[in-house]
Amino acid sequence: MSGMTANEGTRDVSPWPRSGSEPGHDLGIFRSRWDLLQNPRTGKTLRRLVLEVADWVNVVALTPTGRYVFVRQYRFGTEQLTLEIPGGVIDPGEAPLACAKRELREETGYEASEWVDLGSVHPNPAFQDNRCHHFLARGAEPSSAQELDPGEDIDVVTLDEDELGAAMRGGEITHALVYTALCRVLDLRDVRSAAGATEGHP
């Protein structure tokens, strides 16, 4: 592997065999379990926490004029208002793209004419088993009123490329999964040209 020194990459790291599992608590948005796993290096069996979480989606939505659609809402964990892209939990049996379209419509009232799958990431593989699927939605325009859940209170904000950059530099955008989705667009196309990316090459 490129970039490795002579002492790196020489030891085989293997999956840890699982000898059993103990169910934990059901906390609504996730269920916990305790796995009994054997460390291949030491042979010792350890008890490790796993959070079983449904997959998520988030959406980088661009209007026909190149503005990014964001949502502002209060987050209980940080006790702060956040600026994020639309997203949410995939329902049982729901395809990721269908969920992305639904979440964009429900949270913002926008619908998009073109969708690109940007791939997925593991939010925290240390103890979560889920993925977050990223999508780019081009041609996003208001089509209906928001359809908010009783537990939601969301303001819709659109940002041009300069405002987006300022929000990132100024610390208004702090959600890690928002950054991973934006990087899927910004790493391949700069903010100025993202709206013109072709299907399959965002």
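Everything quoted here is computed from the prediction, not taken from an experiment.

**Remarks on a nonpolar patch on the surface**
Point 1. Together, Tyr74, Phe76 and Leu81 make up an exposed nonpolar region whose accessible area comes to about 380 Å².
Point 2. Topologically, Leu81 is positioned in strand β6 (residues 80–84).
Point 3. A relative accessible area of 59% places Leu81 in the exposed class.

**Overview of the pattern of salt bridges**
Point 1. Within this structure, the stated rule accounts for 13 salt bridges.
Point 2. A salt bridge links Arg67 to Glu163; the nearest nitrogen and oxygen atoms lie 3.1 Å apart. Of this pair, Arg67 sits in the loop between β4 (56–62) and β5 (68–75) while Glu163 sits in helix α2 (residues 161–169), and the two are 96 residues apart along the sequence.
Point 3. We classify Arg67 as partly exposed; its relative accessible area is 26%.
Point 4. Taking the shortest distance from any N to any O, the salt bridge between Arg105 and Glu147 comes out at 3.5 Å. Separated by 42 residues along the polypeptide, Arg105 in helix α1 (residues 96–108) and Glu147 in the loop between β11 (141–142) and β12 (155–159) bring together distant segments of the chain.
Point 5. Arg105 gets classed as partly exposed once you look at its relative accessible area, which sits at 24%.

**A word on the pairing of strand β10 (residues 132–138)**
Point 1. Extensive coverage of β10 is indicated by the burial of seven of its seven residues.
Point 2. Where burial is concerned, the two faces of β10 agree: the one with Cys132, His134, Leu136 and Arg138 and the one with His133, Phe135 and Ala137 are both buried.
Point 3. Inspection of the sheet shows β4 paired to β10 by six bridges, in the parallel sense. Bridge pairing in β10 links Ala61 to Ala137.
Point 4. Relative to β10, strand β9 (residues 114–121) runs antiparallel, the two sharing seven bridges. Paired with Ser120 across the two strands is His133, which belongs to β10.

**A short note on the packing of aromatic side chains**
Point 1. Counted according to the given criterion, the structure contains two aromatic pairs.
Point 2. Considering the side-chain rings of Tyr74 and Phe76, the 6.0 Å spacing of their centres and the 65 degrees angle between planes classify their relative orientation as edge-to-face.
Point 3. Assessed through its relative accessible area of 40%, Tyr74 is described here as partly exposed.
Point 4. For Phe76, a relative accessible area of 66% translates into the label exposed.
Point 5. Residues Trp115 and Phe135 carry aromatic rings whose centres are separated by 6.4 Å and whose planes lie at 70 degrees to one another, so their mutual orientation is edge-to-face. Residue Trp115 is located in strand β9, and its partner Phe135 is located in strand β10; the two are separated by 20 residues in the primary sequence. For the residue pair Trp115 and Phe135, the accessibility class agrees, reading buried in each case.
Point 6. Directly above the ring of Trp34 sits Arg47, whose terminal nitrogen or CZ lies 4.1 Å from the centroid.

**Brief notes about unusual backbone geometry**
Point 1. Located in the positive-phi region is Glu79, a residue other than glycine, with phi close to 55 degrees.
Point 2. Here Glu79 lies in the loop between β5 and β6.
Point 3. Residue class for Glu79 comes out exposed when judged on its relative accessible area of 59%.

Conventions adopted
Residues numbered from 1 in each chain as written. Predicted model: local features only at pLDDT ≥ 70, side-chain atom pairs only at ≥ 80, totals over all residues. Heavy atoms only, no water. Patch = residues over 30% accessible without salt bridge, like charges linked within 9 Å, V, L, I, M, F, W, Y side chains within 5 Å. Areas by Shrake-Rupley, 256 points an atom, 1.4 Å probe, with all protein chains shown as cover. Salt bridge = Lys/Arg side-chain N within 4 Å of Asp/Glu carboxyl O. Helix = DSSP H or I, 4+ residues; strand = E, 2+ residues; numbered from the N terminus. Buried < 20%, exposed > 50% of the residue type's maximum accessible area, 1.4 Å probe, protein only. Pairing = 2+ DSSP bridges. Phe/Tyr/Trp six-rings, centres within 6.5 Å; stacked < 30°, edge-to-face > 60°. Lys NZ or Arg CZ within 6 Å of the ring centre and 35° of its normal.

So yeah, pure geometry; function would need other evidence.
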